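Here is what each chain is made of, one letter per residue.
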Amino acid sequence: MTIHVKNMVCNRCITVVEQELKSLGLHPEKIALGEVELKETSLSEDQQKQLDAALIKNGFERIDDRKARIIEHVKNTIIQKIHHTDRVSRKFNWSKVLADEAHYEYNYLSNLFSSMEGITLEQYIIRQKIERVKELLFYDELTLSEIADKLGYSSVAHLSAQFKKLTGLTPSELKKSRAIEHPRKPLDAVS
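As the structure is a prediction and not an experimental result, all values here were calculated from the model. Counting from 1, residues in each chain are numbered in the order their sequence is written. Given that the model is predicted, a residue must reach a pLDDT of at least 70 before its local features are reported, and side-chain atom pairs must reach 80 or more before they are shown or counted; all residues, however, enter totals for whole chains, interfaces and linings. Excluded from the side-chain calculation are hydrogens and water; included are all heavy atoms of the structure.

A. Spatial organisation of the nonpolar core. Among the nonpolar cores identified, the biggest contains 48 residues, and Met8, Leu21, Val36, Val74, Ile78, Leu98 and Leu159 are the most heavily contacted of them. Beyond its immediate sequence surroundings of up to four residues, leucine 98 is in contact with Val74, Thr77, Ile78, Tyr106, Leu109, Leu121 and Ile125. For the purposes of this section, nonpolar cores are sets of buried Ala, Val, Leu, Ile, Met, Phe, Trp, Tyr and Cys residues that join through side-chain atoms within 4.5 Å. Under the scheme applied here, a residue whose accessible area is under 20% of the maximum for its type counts as buried, over 50% as exposed, and between as partly exposed, the area being computed with a 1.4 Å probe on protein chains only. Contacts: residue pairs with any heavy atoms within 4.5 Å of one another.

Printed below as a string of structure tokens:
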């Protein structure tokens, strides 16, 4: 049985969901971002209610709607590629990758995403990249040029322009300020 879970964005999320499932006496066979495969073939209504309560308590939500599952899969793919890989190539073709991963035409995914999320897929990708830039700036281990290369930007100027447009600050200004009024967002809150 497969369960789809909203807001799973990192390995800690996988660990938390696994612990909750086991505490409910369920048997997860495989857990990935946004998706859980259980040994159980079905859940009773009581088990579903307990599972929903446990997930909500931890900031997650079970997804029943097919379109919502597609959107969550697209978001998880984007987060995985931006936040959990070493480098995004400049030649990275988001439309092909997302279509291949979700098994739908990119135009369908793009229109569905925009209608359900209120922003375009391109805007979502840019926002995720900017959150990753913030993270890397706070670690202070890479130069801005290395960050631009790591995230597939054609230049530091391109990265800086997108960063300023979204945050109101240049990357250098944010790095200097480390201000509380410019905190990083949790990945599931980026929209």
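B. Geometry of helix α6 (residues 121-139). The end-to-end C-alpha separation of α6 is 27 Å, in line with the 27 Å expected for 19 residues at 1.5 Å each. Most of α6 is tucked away: 14 of the 19 residues are buried. For the purposes of this entry, the term helix denotes a DSSP run of H or I that reaches at least four residues, the term strand denotes a run of E that reaches at least two, and both are numbered from the N terminus. After α6 finishes, the residue aspartate 140 shows a positive phi value of roughly 60°. Given a helix with a known number of residues, its expected span is that number minus one, times 1.5 Å.

C. Looking closely at the environment of asparagine 111. Summarising the element assignment, asparagine 111 is placed in helix α5 (residues 106-117). The class for asparagine 111 is exposed, based on a relative accessible area of 55%. Along the backbone, asparagine 111 and leucine 121 are ten residues apart, and their C-alpha atoms lie at a distance of 8.7 Å.

D. Looking closely at helix α1 (residues 11-23). Here α1 spans 18 Å end to end across 13 residues, near enough to the 18 Å set by a 1.5 Å rise per residue. Buried residues of α1: Cys13, Ile14, Val17, Glu20 and Leu21, and no others. Along α1, the residues classed as buried sweep out an arc of 130° about the axis, all on the same side. Residues Asn11, Arg12, Gln19, Lys22 and Ser23 are exposed on α1 and point more than 90 degrees away from its buried face. Where α1 is buried, its residues touch β2 (28-32), β3 (35-38) and α2 (45-57). What the arc covers is the set of directions going from the helix axis to the C-beta atoms.

E. Local environment of the packing of helix α3 (residues 66-83) against α6. Angles here are taken between N-to-C directions and fall from 0 to 180 degrees, while the axes themselves are lines fitted to C-alpha atoms, restricted in helices to the stretch in contact. Interhelical geometry of α3 versus α6 gives an angle of 35° and a closest axis separation of 10 Å. Judged by the twist between their axes, the crossing of α3 over α6 is right-handed. Residues Val74, Lys75, Ile78, Ile79, Ile82 and His83 of α3 form the contact with α6, whose participating residues are Leu121, Tyr124, Ile125, Gln128, Lys129, Glu131, Arg132 and Glu135. For the contact of α3 with α6, the per-class residue count stands at seven nonpolar, two polar and five charged. Handedness of each helix crossing follows the sense of rotation of the near helix against the far helix: counterclockwise by less than a right angle gives left-handed, clockwise gives right-handed. Polar here means any residue outside two lists: the nonpolar Ala, Val, Leu, Ile, Met, Phe, Trp, Tyr, Cys and Pro, and the charged Asp, Glu, Lys and Arg; Gly therefore counts as polar.

F. Region of the structure containing the sheet that holds strand β1 (residues 2-6). Pairs of strands are assigned from DSSP output, requiring at least two bridges between the strands. Strand order across the open sheet formed by four strands is β2-β3-β1-β4, with antiparallel pairing between neighbours. The sheet is open, and its two borders are formed by β2 and β4 (61-63), each paired with just one other strand. Each strand axis lies, on average, 30° off the axis of its neighbour in the sheet, ignoring direction. Bridge analysis of β2 against β3 gives four bridges, and the strand direction is antiparallel. Bridge assignment links lysine 30 to a residue of β3, and that residue is glutamate 37. This element, α1, spans β2 and β3 of the sheet and lies at about 155° to β2.

G. Up close: the side chain of histidine 4. With respect to the secondary-structure elements, histidine 4 resides in strand β1. Residues adjacent in sequence count toward polar contacts only when both atoms are side-chain atoms; beyond that, a polar contact is any pair of N or O atoms within 3.5 Å, and within protein one must be able to donate a hydrogen and the other to accept it. Only 3.5 Å separates the side chain of histidine 4 from the side chain of arginine 69, close enough to count as a polar contact.

H. Quick peek at the environment of asparagine 107. Its place among the elements puts asparagine 107 in helix α5. Remark: the alpha-carbon pair of asparagine 107 and arginine 87, spanning 20 residues in sequence, is separated by 26 Å.

I. Main features of the pairing of β3. Side chains of β3 alternate between two faces, with Val36 and Leu38 buried and Glu35 and Glu37 left unburied. Taken together, β2 and the strand that follows it, β3, pair antiparallel across an intervening segment of two residues, in which glycine 34 is found at a positive phi of about 85°.

J. Layout of the side chain of glutamate 131. Mapped onto the elements of the fold, glutamate 131 is located in helix α6. The class of glutamate 131 is buried, set by a relative accessible area of 5%. There is a polar contact of 3.0 Å between the side chain of glutamate 131 and the side chain of lysine 134.

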